[in-house]
Amino acid sequence: MRRIATDVRQNGITIVRNDFYSAVHKYQFIKARSIYEMYIGYYLDNPVTFRELDFMSALWEEFREYRKYVTSTMTGEIVLTPEIIDYAIIKANNPAFTSIMTSYKNYLIASEALNQYYFFATRNKFYAKELCKGRVKPSIFVKSGLEVYRGITDKCPNKLGETGMLECFAVDEDREVVELGYAGVLQSELAKRVDVPINEINTHIADNTAIFIEGVSFEQEGELLPYLCDGTIVGDTDAGKRLATLVNSHYTNSNNGAYVSPLYGDLFTSSDEALRTLFDVFRSEYSECDLRSFYLTDNKAYFTVPKKVLAEHHGLKLAKREAVSAENMIGEFAFDHFSCAKFNNINLRYGVMGEFISEGDILANGYAVEALPVTMRFVEYKKDGTTKEVCSPYYSVADVHYSADKNEHGEFVTDTIEPKAGSVLSKVAPLTRSEVFSRMAVTNRKSLGEKLLKYCKTRNPYRYMSSVPAEREKGALLGEFLYVVTCSLFGESVDLSGDYKHLDLPATPENYNNEYQTALTYRRELFGI
């Protein structure tokens, strides 16, 4: 491990600017989409800004029985990190809880990544206009301060080990990044301390079953190791209960009056020889593969190898460098805070989503912002009849504060601007027929109906595969109701008997109120109205 840290310190890290900008764009979309998902689930009162108090009140009112999974047994505090959320999801085994907590987890990851990107961009002079227009060099070289001592730290001022940075590191075109997990060595050492026999430990490793926590895999438990060692999580196996006693005995009073457990740091020291053996064996096994040190995190080591080597050695595991991946990056809505005017639909196709303020309006009103902008695209019409796409930086209202005043801790003393979305969003000018057709990539109403029905099948597949005829009929009706409420966006009524002759429809939607209300929810998902 120390060899990897030394290699990284000596070689430094190259940050690819295009990858950096792509990551910023991706996490801006993930953050906005996650807030919107919490909003349509009725956990927030607007689709733009996350208010923690509102979310927590709604969450624990509905899922109070699962609060125990995220409450520290030592401090009594609620701990909501991505790893703890994954643990709670497994333990709760509730689809509704899984859905909302996944949205919240993605919001946390995206927010942390964007904060880190802003810090890095500010420190390395990635200015807002440059971010929009790409008028910068293709990459930037930075030094790393990676160290191994009772854990993994990167003392580089750029904080390269923070969320989201790893996916911006440069990789040669002819090479791929592979990973080697080492948390299992620490788990084994911890198991020995609570008298788990070595043959039992090996069985857990071979079967990929956890030692201390029921219901999770050995690999998942490795990610939870710091929380097991500080008492945030108490294991429910016999070994887990013995570990809780061990954790209690390690707690000491720190200088600031808080009680801490040095157990996790101790594991790195006591596992030094086993870790060295793990990496020596790995390097020896792939000695002909041109392994190069890439980076080191709390539970994984990263190397690069030639692409052809990866195809020949199936024991090498391709690294997952993304904290969260994003697919179908299409925004739900995007409009200007002051004018309530919608931005060009091309921005939605680029994944822009939310309520925004221009740089000029921020300056004119004395507002303050410490965040990276989104790239808003406009179509400029020239005198000769041609068009030109121009870009301008805009900021989400969720990042804009009423003033630049800060307290002694460097925190803004004013809240972020109150969004209009959720109160006047529905009063924004209705969509035109061409806008709806463009959003759904269709050219006529028949194709629109087919596309909307396909969307319903994607969102509710169990109905369309059901062996119960009544359920299948309700699924078909859901698609038709979505077609009705969609056409109402551009002021057109629909004669369903003419458009859909294959079904005997109810006289009114009220006969199937659940399907009708679901259709309204889906319409809001698709069009923001």
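First, a word on what this report is: a plain description of the structure on this page. (Residues numbered from 1 in each chain as written. Predicted model: local features only at pLDDT ≥ 70, side-chain atom pairs only at ≥ 80, totals over all residues. Heavy atoms only, no water.)

1. What about the overall build of the chain?
Thought 1: If you tally the helices and strands in the chain, you get 22 helices and 16 strands.
Thought 2: Expressed as a percentage of the 529 residues in the chain, the buried residues total 49%.
Thought 3: The contacts in the chain between residues at least 6 apart in sequence include a share of 64% that link residues at least 24 apart.
Thought 4: Of the roughly 26,500 Å² that the chain leaves accessible, carbon and sulfur atoms contribute 48%. (Helix = DSSP H or I, 4+ residues; strand = E, 2+ residues; numbered from the N terminus. Buried < 20%, exposed > 50% of the residue type's maximum accessible area, 1.4 Å probe, protein only. Contact = heavy atoms within 4.5 Å. Areas by Shrake-Rupley, 256 points an atom, 1.4 Å probe, with all protein chains shown as cover.)

2. Some remarks on the nonpolar core
Thought 1: Judged by nonpolar contacts, the single largest core of 125 residues is most densely connected at Ile15 and Tyr117.
Thought 2: Take this core: its biggest share by element is 13 residues, from helix α2 (residues 17-40).
Thought 3: Tyr117 has contacts with Phe20, Ala23, Val24, Tyr27, Gly164, Met165, Glu167, Cys168 and Leu372, leaving out every residue within four places of it along the chain.
Thought 4: Membership of the second largest hydrophobic core comes to 21 residues, among which are Leu448, Leu477, Val485 and Phe490. (Core = buried A, V, L, I, M, F, W, Y, C linked by side-chain atoms within 4.5 Å.)

3. A closer look at the sheet that holds strand β14 (residues 374-381)
Thought 1: Sheet architecture is open: four strands sit in the order β11-β12-β15-β14, paired in mixed fashion. Among the strands making up the open sheet, the edge pair consists of β11 (334-336) and β14. Across the sheet, the mean angle separating the axes of adjacent strands is 50° when strand polarity is ignored.
Thought 2: As paired strands, strand β12 (residues 354-358) and strand β15 (residues 387-396) are joined by three bridges and run antiparallel to one another. Counted as the bridge partner of Ile357 is Tyr395 from β15. (Pairing = 2+ DSSP bridges. Axes fitted to C-alpha atoms, helices over the stretch in contact; angles between N-to-C directions.)

4. A look at the pattern of salt bridges
Thought 1: Across all of its chains, the model carries 22 salt bridges by this definition.
Thought 2: As a salt-bridge pair, Lys317 and Glu219 come within 3.6 Å of each other at their nearest N and O atoms. Of this pair, Lys317 sits in strand β10 (residues 317-318) while Glu219 sits in helix α9 (residues 218-223), placing them 98 residues apart in sequence.
Thought 3: By relative accessible area, which is 42% here, Lys317 ends up partly exposed. (Salt bridge = Lys/Arg side-chain N within 4 Å of Asp/Glu carboxyl O.)

5. Regarding the packing of helix α1 (residues 2-11) against helix α13 (residues 272-285)
Thought 1: Packing of α1 against α13 brings their axes to within 10 Å, and their N-to-C directions diverge by 70°. Comparing their axes, α13 and α1 come out roughly perpendicular. Where α1 abuts α13, its residues Arg2, Arg3, Ile4 and Asp7 lie against Asp272, Phe279 and Arg283.
Thought 2: Split by residue class, the contact of α1 with α13 holds two nonpolar, no polar and five charged. (Parallel < 35°, antiparallel > 145°, perpendicular 65-115°, else oblique. Nonpolar A, V, L, I, M, F, W, Y, C, P; charged D, E, K, R; others polar.)

6. Thoughts on the environment of Asp298
Thought 1: Inspection of the secondary structure puts Asp298 in the loop between β8 (292-296) and β9 (300-306).
Thought 2: Placed 145 residues apart in sequence, Asp298 and Thr153 show a C-alpha to C-alpha distance of 8.4 Å.
Thought 3: Ignoring anything within four residues of it in the chain, the contact list for Asp298 reads Ile152, Tyr182, Tyr264 and Phe268.

7. Some details on the packing of aromatic side chains
Thought 1: Counted by the stated rule, this structure contains 31 aromatic pairs.
Thought 2: Ring centres of Phe282 and Phe303 lie 5.2 Å apart, and the angle between their planes is 35°; this geometry places the pair in the tilted category. Taken together, the residues Phe282 in helix α13 and Phe303 in strand β9 connect sequence positions 21 residues apart.
Thought 3: Phe303 sits in the buried class, given a relative accessible area of 0%.
Thought 4: Relative to Phe378, the ring of Phe343 lies with its centre 6.0 Å away and its plane at 75°, an arrangement referred to as edge-to-face. Linking Phe343 in the loop between β11 and α15 (345-349) with Phe378 in strand β14, this pair joins segments that are 35 residues apart in sequence.
Thought 5: Of the residues examined, Phe378 reaches a relative accessible area of 28% and is grouped as partly exposed. (Phe/Tyr/Trp six-rings, centres within 6.5 Å; stacked < 30°, edge-to-face > 60°.)

Honestly, it's all geometry; don't read function into it.
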